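An overview of the molecular structure
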Amino acid sequence: MPMAVFTFLESYDFSGKKIIPFCTHEGSGFGHSVEDLKKACPRADVRQGVAIRGGSAATADKEVARIVDMMK
Ligand SMILES: Cc1cc2nc3c(=O)[nH]c(=O)nc-3n(C[C@H](O)[C@H](O)[C@H](O)COP(=O)(O)O)c2cc1C
């Protein structure tokens with residue numbers, strides 16, 4: 001994750017909050033991001049989320065719908 005995201009996560013209390021990670025990538029998927037999120041927000045409910053390949057983003061309607069479903 002970019003350092004600005006770590007700073008954001010460290011600046012607020014995410015205890016009890018649901019976090020649904022999503023990103024585009026070109027092969028690395030989430031990398032370490034989900035583990036890093038869990039460490040930065042140990043009392044948050046960090047879900048598995050969805051990583052979408054950038055080249056397929058324009059046709060990723062189903063994956064995006066899955067993210068929206070997780071928010072309900
Ligand atoms: C500087 C930079 C380095 C990146 N390195 C990687 C990488 O090593 N592996 C990867 O899967 N995605 C990497 N990405 C992300 C993808 O390039 C990007 O998410 C994907 O092409 C979709 O394009 P978008 O950023 O326009 O959504 C990188 C992005 C940037 C800006």
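Here the structure is shown first, and the text comes after it.
First things first, this report covers the structure right here in the doc. Throughout this document, residue positions are counted from 1 along each chain, in the order its sequence is written. Thresholds applied to this predicted model are a pLDDT of at least 70 for local features of residues and 80 or more for the giving and counting of side-chain atom pairs; totals over whole chains, interfaces and linings are not thresholded and use all residues. The side-chain values count all of the structure's non-hydrogen atoms but skip hydrogen atoms and water molecules.

To continue, consider the pattern of salt bridges. Should their charged atoms come close, side chains of opposite charge can pair. Salt bridge, as used here: a side-chain nitrogen of Lys or Arg that lies within 4 Å of a carboxyl oxygen of Asp or Glu. For the structure on display, the rule yields three salt bridges. The closest approach of N and O atoms between Glu-26 and Arg-53, which form a salt bridge, is 3.5 Å. Note that Glu-26 is positioned in the loop between β2 (22-25) and α2 (33-40) and Arg-53 in strand β4 (residues 50-53), a separation of 27 residues in sequence. Here's how the labels work: a residue is buried when its accessible area is under 20% of the maximum for its type, exposed when over 50%, partly exposed in between, all with a 1.4 Å probe on protein chains only. Residue Glu-26 is classed as exposed on the basis of its relative accessible area of 57%. For Asp-45, the salt bridge goes to Arg-47, with nearest N and O atoms at 2.7 Å. Classification of Asp-45 by relative accessible area gives partly exposed; the value is 34%. Strands are runs of DSSP state E lasting at least two residues, helices are runs of H or I lasting at least four, and both sets are numbered from the N terminus onward.

What follows deals with the packing of aromatic side chains. Two aromatic rings from Phe, Tyr or Trp, using only the six-membered ring of Trp, form a pair when their centres are within 6.5 Å; if the ring planes differ by under 30 degrees the pair is stacked, by over 60 it is edge-to-face, and anything between is tilted. One pass over the full model with this rule turns up two aromatic pairs. Taken together, a centroid distance of 5.4 Å and an interplanar angle of 55° make the contact between Phe-8 and Tyr-12 tilted. Between Phe-8 and Phe-14, the ring centres sit 5.8 Å apart and the planes meet at 65°, which makes this aromatic pair edge-to-face. The buried category is assigned to Phe-14, whose relative accessible area is 18%. Following the ring pairs from residue to residue traces out a cluster consisting of Phe-8, Tyr-12 and Phe-14.

This part is about the site of the ligand. Summary of the distance rule: residues count as near a molecule or strand when at least one heavy atom falls within 4 Å of that molecule or strand. Surveying the vicinity of the ligand reveals the residues Thr-24, His-25, Glu-26, Gly-27, Ser-28 and Gly-54. The contact in question runs from an oxygen atom of the ligand to an N or O atom on the backbone of Gly-27, over 3.1 Å. Ser-28 places a side-chain nitrogen or oxygen 2.7 Å from a nitrogen atom of the ligand. Isolated, the ligand exposes 620 Å² of accessible area, and the fraction of that covered by the protein chains is 31%. Distance and chemistry together define a polar contact, namely a pair of N or O atoms within 3.5 Å, with one atom able to donate a hydrogen and the other to accept it when in protein, and with adjacent residues in sequence counting only for side-chain atoms on both sides. Per-residue accessibility takes into account occlusion by the displayed protein chains alone, with areas from the Shrake-Rupley method and a 1.4 Å probe.

Moving on to the pairing of β4. Burial along β4 is one-sided: the face carrying Val-50 and Ile-52 is buried and the face carrying Ala-51 and Arg-53 is not. Pairing of β2 with β4, which is carried by four bridges, proceeds in the parallel orientation. The residue bridging Thr-24 from the neighbouring strand is Ile-52, located in β4. In this scheme, strands are said to pair when DSSP sees at least two bridges between them.

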